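These are the residues of each chain, in order.
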Amino acid sequence: APLVTRVHEMMNYSDNVLAESIAREVAISRGLPPTFEGAARAVRDTLAEHGFPLDGAVLSDSSGLSTDNRISPQHLSEVLNSAAGPVESAEQGGLGESQESSESTSLRPLLDSLPVAAVSGTLATRFAGQSGAGIVRAKTGTLNKASALAGYVVTKSGQVLTFALISNEASLLPARAASDKAASALADI
């Protein structure tokens, strides 16, 4: 399948094997070994080249399954903000796209790959009866005692907000419920 199709499937269903496979393809294309280390380096290098240096982050794999991985909500938010951010045009007074708007344009498809609350993928059974249903788009992440939800929402007032919520050392179901409630509260703004 084309890369865009595989990325959509990986994000929508939180397919960790596919995530690692795609990262290893990136490693090969960059002349790095298709190993956990090579794939993680390829991801870090690619992100840094696009203005996301991931200072302080630790990537031991690209699937997110390693308990050694460490990434902050800020790191996730920076990528989401770039994807969801405004794109300047020549009509808006610019002479062309800035680096920031160019990154927004190239990352924009990421937004379409995120599951929709109460509708698709890993969020199909979440957000039922909440204001975020059908509005919140986010990637889930779950490990033992860790739960994450990172995505975006268009608020009632028409603003686009990005968020990254991570619970560590928390019971899974209450952590998920809290994330869903927080994301729904953003939709109500």
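Presented here is a report on the structure given in the accompanying data block.

What counts as what
- Residues numbered from 1 in each chain as written.
- Predicted model: local features only at pLDDT ≥ 70, side-chain atom pairs only at ≥ 80, totals over all residues.
- Heavy atoms only, no water.
- Axes fitted to C-alpha atoms, helices over the stretch in contact; angles between N-to-C directions.
- Helix = DSSP H or I, 4+ residues; strand = E, 2+ residues; numbered from the N terminus.
- Parallel < 35°, antiparallel > 145°, perpendicular 65-115°, else oblique.
- Contact = heavy atoms within 4.5 Å.
- Core = buried A, V, L, I, M, F, W, Y, C linked by side-chain atoms within 4.5 Å.
- Buried < 20%, exposed > 50% of the residue type's maximum accessible area, 1.4 Å probe, protein only.
- Phe/Tyr/Trp six-rings, centres within 6.5 Å; stacked < 30°, edge-to-face > 60°.
- Lys NZ or Arg CZ within 6 Å of the ring centre and 35° of its normal.
- Pairing = 2+ DSSP bridges.
- Expected span 1.5 Å × (residues − 1).
- Polar contact = N/O pair within 3.5 Å; in protein donor to acceptor, adjacent residues only side chain to side chain.

Okay, the packing of helix α2 (residues 16-29) against helix α3 (residues 36-49) next. Interhelical geometry of α2 versus α3 gives an angle of 75 degrees and a closest axis separation of 8 Å. With respect to their mutual orientation, α2 and α3 come out roughly perpendicular. Counting all contacts with α2, which are made through E20, A23, R24, V26 and A27, the residues of α3 involved are F36, G38, A39, A42, V43 and T46.

Attention now goes to the nonpolar core. M10, L111 and L114 are the most contacted members of the largest nonpolar core, which totals 13 residues. Broken down by secondary-structure element, the contributors of at least two residues to this core are α1 (3-13), α2, α4 (73-84) and β2 (146-154). If we ignore the near neighbours within four places in the chain, the residues touching M10 are D15, L18, A19 and I22. In terms of nonpolar packing, the next biggest core, distinct from the first, is built from 10 residues, A117, L123, V136 and V153 among them.

Per the stated rule, a full pass over the model turns up zero aromatic pairs. Directly above the aromatic system of F36 lies the positively charged group of R24, at a separation of 4.5 Å from the ring centroid.

The subject of this paragraph is the pairing of β2. Note on strand geometry: in a regular strand, side chains alternate between the two faces of the sheet. Taking burial as the measure, the nine residues of β2 include eight buried ones, the bulk of the element. Note that strand β1 (residues 137-143) and β2 share seven bridges and pair antiparallel. From the neighbouring strand, T142 faces β2, where its bridge partner is S147. The hairpin formed by β1 and β2 contains two residues between the paired strands, and K145 there has a positive phi angle of roughly 65 degrees. Between β2 and strand β3 (residues 160-168), which follow one another and run antiparallel, lie five residues, and G158 among them has a positive phi close to 90 degrees.

The subject of this paragraph is α2. Over its 14 residues, α2 runs 20 Å from end to end, which matches the ideal 20 Å to within 8%, given 1.5 Å per residue. Burial in α2 covers these residues: L18, A19, E20, I22, A23 and A27. For α2, the N-terminal cap is D15; the gap from its side-chain oxygen to the backbone nitrogen of V17 is 3.1 Å. At the C-terminal side of α2, G31 shows a positive phi close to 80 degrees.

The next subject is α3. Taking 1.5 Å per residue, 14 residues should reach 20 Å; α3 reaches 20 Å between its end C-alpha atoms and fits that length. Listed in full, the buried residues belonging to α3 are G38, A39, A40 and A42. Contacts made by the buried residues of α3 are with α2. Downstream of α3 by one or two residues, G51 has phi in the positive range, about 90 degrees.

Worth remembering: the numbers are spatial, not functional.
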